[in-house]
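Spelled out, the chains give:
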Amino acid sequence: MGRSRPVWRRVGRLVAIMLGVALVLTAVLWGIQRQFIYFPDSRSVPAAGDVIDGAQDVTLRTADGLDLGAWFVPPTGPDREVAVLLANGNAGDRESRAATATALADVGFSVLLFDYRGYGGNPGKPSEEGLVADAEAALGALTGEYGFPHDRVLYFGESIGTGVVSGLATDHPPAGILLRSPFTDLPSAGAAHYPFLPLGLLLRDRYPIEDQIRALEVPTTVVYGDADSVILPEESRRVAAAVPNLVEEVVFEGTDHNDPEMFHSPRLVEAVEHLATTAVGDTR
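Residues numbered from 1 in each chain as written. Predicted model: local features only at pLDDT ≥ 70, side-chain atom pairs only at ≥ 80, totals over all residues. Heavy atoms only, no water.

A.B. asks: Provide a residue-level description of the sheet that holds strand 7 (residues 220-225), including the pertinent values.
C.D. replies: Overall, mixed pairing links the eight strands, which are arranged 1-2-4-3-5-6-7-8 in an open sheet. In this open sheet, the two strands that pair with only one neighbour each are strand 1 (56-61) and strand 8 (246-252). Taking each pair of neighbouring strands and ignoring which way they run, the sheet shows an average axis angle of 20 degrees. In the packing of helix 6 (residues 160-171) onto the sheet, the strands contacted are strand 3 (83-87), strand 5 (153-158) and strand 6 (176-180), and the crossing angle to strand 5 comes to about 145 degrees. (Pairing = 2+ DSSP bridges. Helix = DSSP H or I, 4+ residues; strand = E, 2+ residues; numbered from the N terminus. Axes fitted to C-alpha atoms, helices over the stretch in contact; angles between N-to-C directions. Contact = heavy atoms within 4.5 Å.)

Below, the structure written as structure tokens:
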């Protein structure tokens, strides 16, 4: 018995060291996790009119005092008097969504493209709370400067932008919502790529899309590719199943997350048109 005590002491020290290392790693992951969630392209973008004829540069002022760059794209087709607020995914900037805005403008929508804090030359660092505040500032420009009532605004969210518009809709319900490649929540989406990490315990930013959308009666369309390798299709299916007022579930067969079809294809534009007709009425 006397000889076993030093062994147990060594085991105890080893356990204590391992726990200490685990705590340090957890603290590090907690502190730097947003660097693994957000991938902002901080380069400045050109003037709106240099990229899209007739587009206007807009400055958004957030509730916490940031000035953000945005573009307002007026309709080039017969004016539906409906605006689309487009919340980007996690890569690129408003210039990279010019084709989407042009395709929507061609069928009569006004479009507001904006970059989140830290993206597209904007100040600030991204977070869930911050991105929703940025979208709120974008909505304020549409309803204030451009005069669109809430019941003539559609939210269009891509990937992480689906979490942004779901959060925005909780306090500011629009006429309708299009969720392109949504996920149930961020820990679930991340678990598909990092199954060895306890993301449910670690993540500060949650984006609880499934829970938020379940509480909304807003007409909603869900669009996703069944070959999506970033947001697994079953995540988007679960969101669609949770929508109380589902207009349609549009599945792009054999299409991955960033394939061109997911940004400006005729089928995607048709989904926005169908949503507008359902949510607002005949807009042509």
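A.B. asks: Could you give me a rundown of the pairing of strand 8, with the residues and numbers involved?
C.D. replies: Side chains on a regular strand alternate between the two faces of the sheet. Here strand 7 runs beside strand 8; their pairing, made up of six bridges, is parallel. Paired with V223 across the two strands is V250, which belongs to strand 8. Viewed along the sheet, the connection from strand 7 through helix 10 (residues 233-242) into strand 8 turns out right-handed. (Right-handed = clockwise from strand over helix to strand, strands pointing away.)

A.B. asks: Can you tell me about the nonpolar core, naming the residues and giving the values?
C.D. replies: Ranked by size, the top nonpolar core spans 49 residues in total, and within it L60, F114, Y155 and I177 carry the most contacts. For this core, the element with the most residues is helix 5 (residues 128-143), which contributes seven residues. A98, A101, A105 and V250 belong to the second largest nonpolar core, which has 34 residues in total. (Core = buried A, V, L, I, M, F, W, Y, C linked by side-chain atoms within 4.5 Å. Buried < 20%, exposed > 50% of the residue type's maximum accessible area, 1.4 Å probe, protein only.)

A.B. asks: Please provide a residue-by-residue account of helix 4 (residues 98-106), values included.
C.D. replies: Taken as a whole, helix 4 has its buried residues at A98, T100, A101, A103, L104 and A105. Looking one or two residues beyond helix 4, the residue adopting positive phi is G108, at roughly 105 degrees.

A.B. asks: Now, about the packing of helix 5 against helix 6: what can you tell me, with residues and values included?
C.D. replies: Their axes nearest at 9 Å, the elements helix 5 and helix 6 cross at an angle of 65 degrees. With respect to their mutual orientation, helix 5 and helix 6 come out roughly perpendicular. Seen along the crossing, helix 5 lies across helix 6 with a hand that is right-handed. In this structure, helix 5 uses L131, V132, A135, E136 and L139 to contact helix 6, whose residues at the interface are V164, G167 and L168. Considered class by class, the residues forming the contact of helix 5 with helix 6 number six nonpolar, one polar and one charged. (Parallel < 35°, antiparallel > 145°, perpendicular 65-115°, else oblique. Left-handed = near helix turned anticlockwise from the far one by under 90°. Nonpolar A, V, L, I, M, F, W, Y, C, P; charged D, E, K, R; others polar.)

A.B. asks: Describe the pattern of salt bridges, listing the residues and the values that go with them.
C.D. replies: If you walk through the whole model with that rule in mind, you get nine salt bridges. For E273, the salt bridge goes to R80, with nearest N and O atoms at 2.4 Å. Of this pair, E273 sits in helix 12 (residues 266-280) while R80 is found in the loop between strand 2 (67-73) and strand 3, placing the two residues 193 residues apart along the sequence. Two residues, E210 and R214, come together in a salt bridge whose shortest N-O distance is 2.9 Å. Taken as a pair, E210 and R214 lie in helix 9 (residues 209-214) at a separation of four residues, close to a single helical turn. Overall, E210 belongs to the buried group, its relative accessible area being 14%. According to the relative accessible area criterion, R214 is partly exposed, its value standing at 44%. Overlapping salt bridges, with partners in common, bring together D64, R117 and D134 in one network. (Salt bridge = Lys/Arg side-chain N within 4 Å of Asp/Glu carboxyl O.)

A.B. asks: Explain empty space enclosed by the protein to me, and be specific about the residues and the numbers.
C.D. replies: To find leftover empty space, one rolls a probe the size of a water molecule over the atoms. Taken as a whole and assessed by the stated rule, the structure comprises one cavity of 30 Å³ or more. Together, T100, A103, L104, F156, F263, H264, L268, V269 and V272 line the largest cavity. At the level of secondary structure, the elements contributing two or more residues to the lining of the largest cavity comprise helix 4, helix 11 (261-264) and helix 12. (1 Å grid on protein atoms, 1.4 Å probe; cavity = no way out; pocket = protein on both sides within 12 Å on 5 of 7 lines; lining within 4 Å. Points joined across faces, edges and corners; volume = space filled by probe spheres on them.)

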